Structures are given as C-alpha cells and as structure tokens.
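Here are the chains, one letter per residue:
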Amino acid sequence: MMFLLLTTLQQVNIEEKIKEAPDSSYEIGVFIGSFLPFVVLVAIAYAIYRYNKKNLNND
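The model shown is predicted, which means the values in this text are computed figures rather than measured ones. (Residues numbered from 1 in each chain as written. Predicted model: local features only at pLDDT ≥ 70, side-chain atom pairs only at ≥ 80, totals over all residues. Heavy atoms only, no water.)

Trainee: Could you give an account of the overall build of the chain, naming the residues involved and the relevant values?
Mentor: The secondary structure content of the chain amounts to three helices and zero strands. Written out in order from the N terminus, the α and β elements of the chain read α-α-α. Counting across all 59 residues of the chain, residues that qualify as buried make up 7%. (Helix = DSSP H or I, 4+ residues; strand = E, 2+ residues; numbered from the N terminus. Buried < 20%, exposed > 50% of the residue type's maximum accessible area, 1.4 Å probe, protein only.)

Okay, here's the thing in structure tokens:
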C-alpha cells in the first residue's frame, strides 16, 4: 500500500525528460534521480529493522 502511494506521488515521465536531454550525462542523472528515493527508503527501512532486531535480542 505504501509503495503504491509513493509511486503515484513520484510519477515522472522519464521518457520525455530523456528525449529533451541535452547530452548523455543528463540521461544518467535522470536514471539515478529516479531510483534514488527508493534506495533511500530501503536503507531507512533496513536501519529500522536492524535497530528493532537488536533491541529484541537484548530483552
């Protein structure tokens, strides 16, 4: 459910941006920029998971 909400909030027409790109380095930036929010969210979720797992083992 959360994933669907995030994808609708971050809908970006990547094909249109690539067509209007001045050079190939811009395409790489668009590609990285489109995946960066998801990578950050996965890293945050993993950090929360490890933190909670550590606290459960201490109890």
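Trainee: So what's going on with the environment of Val30? Which residues, and what values?
Mentor: Along the polypeptide, Val30 turns up in helix α3 (residues 24-58). Classification of Val30 as buried rests on a relative accessible area of 11%. Remark: the alpha-carbon pair of Val30 and Lys17, spanning 13 residues in sequence, is separated by 7.6 Å. Ignoring anything within four residues of it in the chain, the contact list for Val30 reads Ile14 and Lys17. (Contact = heavy atoms within 4.5 Å.)

Trainee: Before we move on, can you summarise the packing of aromatic side chains with the specific residues and values?
Mentor: The relative placement of two aromatic rings is captured by the distance of their centres and the angle of their planes. One pass over the full model with this rule turns up two aromatic pairs. Geometrically, the ring pair formed by Phe31 and Phe35 is edge-to-face, given 4.9 Å between the ring centres and 65 degrees between the ring planes. Of this pair, Phe31 and Phe35 both sit in helix α3, four residues apart, which is roughly one turn of the helix. For Phe31, a relative accessible area of 51% translates into the label exposed. Taking the relative accessible area as the measure of exposure, Phe35 reaches 44% and is therefore partly exposed. (Phe/Tyr/Trp six-rings, centres within 6.5 Å; stacked < 30°, edge-to-face > 60°.)

Trainee: Could you give an account of α3, with specific residues and numbers?
Mentor: The first and last C-alpha atoms of α3 sit 51 Å apart over 35 residues, in line with the 51 Å expected at 1.5 Å per residue. Approximately 35 degrees is the largest bend angle found in α3, and it occurs at Leu36, with the proline Pro37 only one to four residues beyond. (Expected span 1.5 Å × (residues − 1). Bend = angle between axes of the 7 residues up to and from the residue.)

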